[in-house]
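Fold and contact review
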Amino acid sequence: MTHPKFIPLPAYREYPVEEMKTRAAAFYADIKRRRTVRDFSNRPVPREIIEDCLRAAGTAPNGANMQPWHFVVVSNPAIKRQIRLAAEEEERDFYHHRAPQEWLDVLAPLGTDAHKPFLETAPTLIAIFVQSYALLPDGRKVKHYYATESVGIATGILITAVHHAGLVSLTHTPSPMGFLNHILGRPSHERPFLLLVVGYPAENATVPDIIKKPLTEIATFL
Ligand code: IYR
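Presented here is a report on the structure given in the accompanying data block. Bear in mind the structure is a predicted one, so any value in this text is a computation, not a measurement.

1. Overview of the pairing of strand β2 (residues 124-131)
For β2, a buried count of 8 out of 8 residues is recorded, marking the element as mostly surrounded by other parts of the structure. Across the two faces of β2 the burial is the same, with T124, I126, I128 and V130 and L125, A127, F129 and Q131 all buried. Bridging between strand β1 (residues 69-74) and β2 involves 6 bridges; their strand directions are antiparallel. Within β2, the position partnered with V72 by the bridge is A127.

2. Section: the pattern of salt bridges
Pairing is possible between side chains that carry opposite charge, provided their charged atoms lie close to one another. Across all of its chains, the model carries 12 salt bridges by this definition. With a closest N to O distance of 3.7 Å, K116 and E91 form a salt bridge. Of this pair, K116 sits in the loop between α4 (101-107) and α5 (118-121) while E91 is found in helix α3 (residues 77-98), placing the two residues 25 residues apart along the sequence. Here K116 matches E91 in class, with each residue buried. Connected through shared salt-bridge partners, R81, R84, E88 and E120 make up one network.

3. Here's the deal with the site of the ligand
By nearness alone, every residue bordering the ligand is listed as E91, F94, Y95, W103, L107, L110, T112, K116, H172 and T173. E91 places a side-chain nitrogen or oxygen 2.9 Å from an oxygen atom of the ligand. Take K116: an N or O atom from its side chain is 2.5 Å from an oxygen atom of the ligand. Protein contact buries 72% of the 380 Å² of open area that the ligand shows by itself. Among the elements that line the shell around the ligand, the one with the most residues is α3, at 3 residues. Looking at the shell around the ligand residue by residue, the classes come out as 5 nonpolar, 3 polar and 2 charged.

The rules behind each value
- Residues numbered from 1 in each chain as written.
- Predicted model: local features only at pLDDT ≥ 70, side-chain atom pairs only at ≥ 80, totals over all residues.
- Heavy atoms only, no water.
- Buried < 20%, exposed > 50% of the residue type's maximum accessible area, 1.4 Å probe, protein only.
- Helix = DSSP H or I, 4+ residues; strand = E, 2+ residues; numbered from the N terminus.
- Pairing = 2+ DSSP bridges.
- Salt bridge = Lys/Arg side-chain N within 4 Å of Asp/Glu carboxyl O.
- Near = heavy atom within 4 Å.
- Polar contact = N/O pair within 3.5 Å; in protein donor to acceptor, adjacent residues only side chain to side chain.
- Areas by Shrake-Rupley, 256 points an atom, 1.4 Å probe, with all protein chains shown as cover.
- Nonpolar A, V, L, I, M, F, W, Y, C, P; charged D, E, K, R; others polar.

Printed below as a string of structure tokens:
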């Protein structure tokens, strides 16, 4: 048993209430500009930017601080091509055979299909893996708690960091995603969670005309 060790809260900053209000409003104004983009430019993105976005993701609150995530950043064109081919194969099966009509109906406004050119066009793909347990060098397994929730939170921070840096992203979930372990050489105790496509939008990028639910619908104050 390791005993807890505490240090004074290192970097908390309290702002005057008026400044907090301005900050909260300004953050909302900025994050509501974020759109999921499917039309990417092939302009390269400096690796340093992706590294800082991943460092930000790695600060996420998570179960027992086990940090049950792994991020594989792919910019190599040959690997991107392999991912595209494997994803499109799954997606063709999804759109033409597996997806129930009910699912296809709610996807219709997004205009998605099995064609995923962005997996090759975009400069950066970040494959995000969930580790349901850690594997110690001696082969012992250490269970991770709330692994999926933790990786979901880290992914939210990553998406926010990418937006904040001035890039766009697409949360892509080819299903099933097991091919990512194979192509990227990840061990079987890591489960693919999401493929985050990151880059600049294409000059003529369009997005679906959709709206977010208002606060009154998404929140209750008691
Ligand atoms: N994985 C498919 C289908 C898809 C599913 C949902 I839920 C979306 O919000 C969007 C797409 C695809 O990526 O096309």
